[in-house]
Amino acid sequence: MTIVSPHLGSSAEWTDARLLYALEEVVETELNRHLQVAKDWMPHEYVPWTDGRNFPGIFEDGEAWEKEQSKVTEIGRIALVVNLLTEDNLPSYHHEIASLFGRDGAWGTWVHRWTAEEGRHGIVMRDYLLASRAVDPDKLEQFRMAHMSEGFESDNRHSMLHSVAYVAFQELATRISHRNTGHQSGDPVCDRMLARIATDENLHMVFYRNLLKAAFELAPDLTMQAVRDVVVNFRMPGHGMPGFERAAAQMAIGEVYNLRIHHDDVIQPVLRFLKVLEIDGLGPEGQAAQEELGLYMGGLDAEAAKFDEKLAARKARMAARAAG
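The numbers attached to residues start from 1 for each chain and follow its sequence in the written order. Confidence filtering applies because this is a predicted model: local features only for residues at pLDDT of at least 70, side-chain atom pairs given and counted only at 80 or more, and all residues used for totals across whole chains, interfaces and linings. Working from all heavy atoms in the structure, the side-chain values ignore hydrogens and water.

1. Comments concerning the packing of aromatic side chains
- Stacked, edge-to-face and tilted labels apply to pairs of Phe, Tyr and Trp rings (six-membered ring for Trp) whose centres lie within 6.5 Å, assigned for plane angles under 30 degrees, over 60, and everything in between, in that order. Under the counting rule described, the total for this entry stands at six aromatic pairs.
- Here the aromatic rings of tryptophan 110 and phenylalanine 207 are separated by 3.7 Å at their centres, their planes lie at 5°, and the arrangement is stacked. Highlighted residues: tryptophan 110 in helix H4 (residues 105–131) and phenylalanine 207 in helix H7 (residues 188–218), separated in sequence by 97 residues. Of the two residues examined, tryptophan 110 and phenylalanine 207, each falls in the buried class.
- With 5.7 Å between their ring centres and 80° between their planes, tryptophan 110 and tyrosine 208 make a pair best called edge-to-face. Of the two residues, tryptophan 110 sits in helix H4 while tyrosine 208 sits in helix H7, which places them 98 residues apart along the sequence. Only DSSP runs of H or I reaching four residues or more are called helices, and only runs of E reaching two or more are called strands; each is numbered from the N terminus. The buried label applies to any residue whose accessible area, calculated with a 1.4 Å probe on protein chains only, is under 20% of its type's maximum; exposed applies above 50%, and partly exposed to all values in between.

2. Observations concerning the nonpolar core
- Here, the term nonpolar core denotes a set of buried Ala, Val, Leu, Ile, Met, Phe, Trp, Tyr and Cys residues that are joined through side-chain atoms within 4.5 Å. Leu80, Phe101, Phe169, Met193, Tyr208 and Val227 are the most contacted members of the largest nonpolar core, which has 90 residues in total.
- If you tally residues by element for this core, the top one is H7, at 14 residues.
- In what follows, a contact means two residues having at least one pair of non-hydrogen atoms within 4.5 Å. Each residue touching phenylalanine 169, except ones within four places of it in the same chain, is listed here: Val227, Val230, Val231, Phe234, Val266, Ile267, Val270 and Leu271.

3. Details of the packing of helix H6 (residues 160–184) against helix H8 (residues 220–232)
- In this analysis, axes come from line fits to C-alpha atoms, helices being fitted only over the stretch in contact, and the angle between any two N-to-C directions falls in the range 0 to 180 degrees. The interhelical angle for the contact between H6 and H8, taken along N-to-C directions, is 50°, at an axis separation of 9 Å. Of the possible angle classes, the one that applies to H6 and H8 is oblique. The hand of the H6/H8 crossing is right-handed. Residues Leu161, His162, Ala165, Tyr166 and Phe169 of H6 form the contact with H8, whose participating residues are Leu222, Thr223, Gln225, Ala226, Val227, Asp229, Val230 and Val231. Roughly parallel refers to an angle under 35 degrees, roughly antiparallel to one over 145, roughly perpendicular to one between 65 and 115, and oblique to any angle outside these ranges. Handedness of each helix crossing follows the sense of rotation of the near helix against the far helix: counterclockwise by less than a right angle gives left-handed, clockwise gives right-handed.

4. Here we look at the UniProt feature "binding site: Fe cation 1" (unreviewed entry) in the protein
- Listed under "binding site: Fe cation 1" (unreviewed entry) in the UniProt record, and renumbered for this structure, are Glu87, Glu118, His121 and Glu201. In sequence the annotated residues extend across 115 residues, while in space they remain close, none of their C-alpha pairs exceeding 11.7 Å. The annotated residues contributing to the lining of the largest cavity are Glu87, Glu118 and Glu201.
- By the element assignment, histidine 121 lies in helix H4.
- Setting aside its immediate chain neighbours within four residues, histidine 121 contacts Trp41, Glu87, Ile197, Asp200, Glu201 and His204.
- Checked against the element boundaries, glutamate 201 lands in helix H7.
- Judged by relative accessible area, which is 1%, glutamate 201 ranks as buried. UniProt positions are given in the numbering used here, feature names are shortened, and annotations may be inferred rather than shown by experiment. Both site types are read off a 1 Å grid over the protein atoms alone. A 1.4 Å probe that fits but cannot get out defines a cavity, while an open set with protein on both sides within 12 Å along at least five of seven lines defines a pocket; lining residues have an atom within 4 Å of a point.

Okay, structure coming up:
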């Protein structure tokens with residue numbers, strides 16, 4: 001792709017407004033590609049409705065929730081709640097990207113399409129959790145109210161380019177988290193549901209990844225700095241929810257999402273596809289950002305290796321305890 005611009009290579013000239021305008025054609029191309037490959041699906045078809053029954057409340061035959069009623073594993077239950085609460089803040093996410101990307105043209109069409117597709121994820125996950133009695137419905141609603149009442153503000157809301165870089169990684173992280181939650185859930189119905197959601201998240205990642213590629217061609221130095229900032233300071237959007245740190249630690253031990261997965265399955269694939277660490281011809285600021293990014297990735301891999309060792313030792317202790 002060749003884009004002729006009088007500002008090419010001049011970082012000082014690239015404002016958010018100019019980047020939005022310059023990338024509009026790319027957004028339209030990616031939107032059309034997305035609409036051709038995305039498949040509509042019905043959330044209600046993935047929910048085990050026959051497992052459902054009344055909870056206490058207005059129904060005299062309501063049955064109180066008990067953990068033993070569900071097929072879902074403990075780690076599956078924890079991860080499902082984190083994943084659903086993350087999806088619940090969709091109104092805040094929509095507000096942020098609509099404010100950054102706008103509501104007109106191809107950008108606006110994408111913003112609304114993305115929001116509609118993400119809305120399915122929250123619908124099907126909540127219906128599954130309630131019908132299958134996988135979680136305490138009262139606590140789930142209390143968590144939802146607390147989390148949504150806080151709202152959400154992205155670390156990258158100051159910059160359209162930082163936001164594009166962030167979602168390129170975050171959509172892949174969400175896909176991986178959903179997919180691994182399904183594998184660890186212990187319920188084939190849950191696994192199929194989360195596989196369907198993960199397919200959507202992968203398509204969203206491809207959209208933003210390809211947009212990030214075009215940004216590198218337009219403004220390589222600024223894009224490199226944005227990617228550096230996002231990767232070094234990356235946080236999942238659910239970081240502000242009640243009990244997130246404890247849940248994240250349990251998900252790390254349960255191999256749903258941890259440092260090794262973050263390095264190998266999220267950050268590295270995007271960097272490798274875009275050949276971020278191989279880009280040459282950068283200015284001083286871009287080159288410095290690229291070098292810092294390379295050093296950070298080396299450090300992240302070392303931290304992941306330490307985590308791997310601790311996890312292996314923990315598994316060995318548990319196996320010895322079970323054998324004894």
